[in-house]
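The residues making up each chain are set out below.
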Amino acid sequence: MQQATRQYVPLQPLAEQHCIAAKLDALMALCDQLEANLTAITRSKHLDSVLHEALELAVEAVDA
């Protein structure tokens, strides 16, 4: 069995790590907001489509 070797990974200073984490939190919040907006737009378009189809069927029923 091979023995594990120690590897050192350089880390940013703690203050910079906090800045990076804060920026990531802000970006994730923006992504969540964009996702919510896209979901709302998709629902709205779907609702418009369903209403349009229902109105077309109603007009066809009245015309028949």
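Thresholds, definitions, all that
Residues numbered from 1 in each chain as written. Predicted model: local features only at pLDDT ≥ 70, side-chain atom pairs only at ≥ 80, totals over all residues. Heavy atoms only, no water. Helix = DSSP H or I, 4+ residues; strand = E, 2+ residues; numbered from the N terminus. Rg over C-alpha atoms; globule rule 2.2 N^0.38 Å. Buried < 20%, exposed > 50% of the residue type's maximum accessible area, 1.4 Å probe, protein only. Areas by Shrake-Rupley, 256 points an atom, 1.4 Å probe, with all protein chains shown as cover. Lys, Arg positive; Asp, Glu negative; His and termini not counted. Charge placed at Lys NZ, Arg CZ, Asp CG, Glu CD. Patch = residues over 30% accessible without salt bridge, like charges linked within 9 Å, V, L, I, M, F, W, Y side chains within 5 Å. Salt bridge = Lys/Arg side-chain N within 4 Å of Asp/Glu carboxyl O.

(A) Focus on the overall build of the protein chain. In terms of helices and strands, the protein chain carries one helix and zero strands. Whereas a compact globule of 64 residues would reach a radius of gyration of roughly 11 Å, the protein chain reaches 27 Å, over 25% beyond that. Buried residues in the protein chain amount to 0% of all 64 residues. Accessible area of the protein chain: about 6,500 Å², with a carbon and sulfur share of 63%. Charged side chains of the protein chain number 4 positive and 9 negative; the gap between the two group centres comes to 20 Å.

(B) The arrangement of the environment of H18 in detail. Here H18 shows up in helix α1 (residues 14-63). Sequence separation between H18 and H52 is 34 residues; the distance between their C-alpha atoms is 51 Å.

(C) Region of interest: a negative patch on the surface. Taken together, the side chains of E53, E56, E60 and D63 present a region of like negative charge at the surface. For E60, the location among the structural elements is in helix α1.

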